[in-house]
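# Architecture and fold: a report
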Amino acid sequence: MVLPILQNYSVSWDTASPRLSPCFRHTALVWVPCLFLWLWAPYHVYTAKSSRSKQIPWTLLNGAKFGVGASLLILQAAYLVVLLTASADVVADRIVMHALILKCATLALSLYLDALSKNHGLRTSGVLFLFWLLLLGSQLLSVLLQPLSESAAQADWRNTLEIVFTALLGVQLGLNCWADAEPVYSGTGPAEVNAQMSR
C-alpha cells in the first residue's frame, strides 16, 4: 500500500502542487526531530547536572513553556486515544499510532529536560531550541503538503488537530527564544567573587 505511493513520482515531484504520502508524513517528518532530541538529551542532562547554578524561580516565561509543552503532550495523547478507539483502517493507522507514541514520548522528554534546566539553573537550551525548530519545520511541511487522500470526516478533525498542534509549536519555539530568569544560586561563592574582583 505504501510502496506504490512512494514510487509514484508524479504525485510528489512532477506536479504543480506537490503532495507528501501519509507514510512519509508520519515517519520521516516525525522521526527526524524526535531522534534529534533523543540523541542530544544525554548532552543536555550532562550540561544541566554539571551546572553550578541552581533553581531558576518560577516566572511567566517558564510557566508558559511548561503549559504549552503539557498542552502539546495532551493534544497528541488525545489524538492517540481517538485513533485507538475508532480505528477503521488498522494498517494505515498503525503508522500514525507509532508516530504519535514517539511524539508523546519525545514531548514528555522535552518537559523533563525543561524541568531539569529549571532546577539546575540553565537559563536557555540550544538542544531544546533546535528540537522545537526542527519539529515546527517538519510539522509545517506536513500541514502545507496535505495527505493524498482521506475521507472528509477524518480530514476535518485531523486537520484541525494538526493546525492547533502547529500553532502551539510556533508558540513554544517563540518562548524558547528568550532566556529564563537568573538562577537563585549562582554557584559563585565569596572566595570566587573576590578572586574575580582582584583581577
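Our focus in this paragraph is helix α7 (residues 126-144). Here α7 spans 27 Å end to end across 19 residues, near enough to the 27 Å set by a 1.5 Å rise per residue. What α7 keeps buried is the set Val 127, Leu 128, Phe 131, Trp 132, Leu 135, Leu 136, Ser 138, Gln 139, Ser 142 and Val 143. If you check the start of α7, you find a side-chain oxygen 3.4 Å away from the backbone N of Val 127, and it comes from Ser 125.

Our focus in this paragraph is the nonpolar core. Membership of the largest hydrophobic core comes to 20 residues, with the highest contact counts inside it found for Leu 37, Leu 72, Trp 132 and Leu 169. The set of elements that each furnish at least two residues to this core consists of α4 (28-49), α5 (60-85), α6 (90-119), α7 and α8 (152-175). With 6 residues, the single largest contributor to this core is α7. Leave out the neighbours within four places in its chain, and Trp 132 touches Leu 72, Leu 107, Ser 110, Leu 169, Gln 172, Leu 173 and Asn 176.

On to empty space enclosed by the protein, then. Applying the stated rule across the entire model yields 2 cavities of 30 Å³ or more. By volume, the largest cavity is sized at about 150 Å³. Considering the residues around the largest cavity, the lining is formed by 17 residues, among which His 26, Val 30, Lys 103, Gln 139 and Glu 162 are closest to the centre. Elements with a minimum of two residues in the lining of the largest cavity: α3 (22-26), α4, α5, α6, α7 and α8. Of the residues that constitute the lining of the largest cavity, the class distribution is 9 nonpolar, 5 polar and 3 charged. Counted as a void, the second largest cavity has a volume near 110 Å³. What lines the second largest cavity is a set of 14 residues, among which Lys 65, Asp 114, Ser 117, Arg 123 and Asp 180 lie closest to the centre. At the level of secondary structure, the elements contributing two or more residues to the lining of the second largest cavity comprise α5 and α6. Of the residues contributing to the lining of the second largest cavity, the split by class is 4 nonpolar, 5 polar and 5 charged.

Bringing the confidence of the model for the protein chain into the picture now. Mean pLDDT for the protein chain: 81, with 77% of residues reaching 70 or above. Mean pLDDT across the elements of the protein chain bottoms out in helix α9 (residues 190-197) (42) and peaks in α4 (94). For residues 191-199, every residue scores under 50 in pLDDT, and the model assigns this stretch 3 contacts once sequence neighbours within four places are set aside.

On to the pattern of salt bridges, then. Within the structure shown, the criterion is met by 3 salt bridges. Here Arg 123 makes a salt bridge to Glu 182, at a shortest N to O gap of 3.1 Å. Within this pair, whereas Arg 123 is found in the loop between α6 and α7, its partner Glu 182 is found in the loop between α8 and α9, the two being separated by 59 residues in sequence. You can call Arg 123 partly exposed: its relative accessible area is 33%.

Procedures and definitions
- Residues numbered from 1 in each chain as written.
- Predicted model: local features only at pLDDT ≥ 70, side-chain atom pairs only at ≥ 80, totals over all residues.
- Heavy atoms only, no water.
- Helix = DSSP H or I, 4+ residues; strand = E, 2+ residues; numbered from the N terminus.
- Expected span 1.5 Å × (residues − 1).
- Buried < 20%, exposed > 50% of the residue type's maximum accessible area, 1.4 Å probe, protein only.
- Polar contact = N/O pair within 3.5 Å; in protein donor to acceptor, adjacent residues only side chain to side chain.
- Core = buried A, V, L, I, M, F, W, Y, C linked by side-chain atoms within 4.5 Å.
- Contact = heavy atoms within 4.5 Å.
- 1 Å grid on protein atoms, 1.4 Å probe; cavity = no way out; pocket = protein on both sides within 12 Å on 5 of 7 lines; lining within 4 Å.
- Points joined across faces, edges and corners; volume = space filled by probe spheres on them.
- Nonpolar A, V, L, I, M, F, W, Y, C, P; charged D, E, K, R; others polar.
- pLDDT = per-residue confidence, 0-100.
- Salt bridge = Lys/Arg side-chain N within 4 Å of Asp/Glu carboxyl O.

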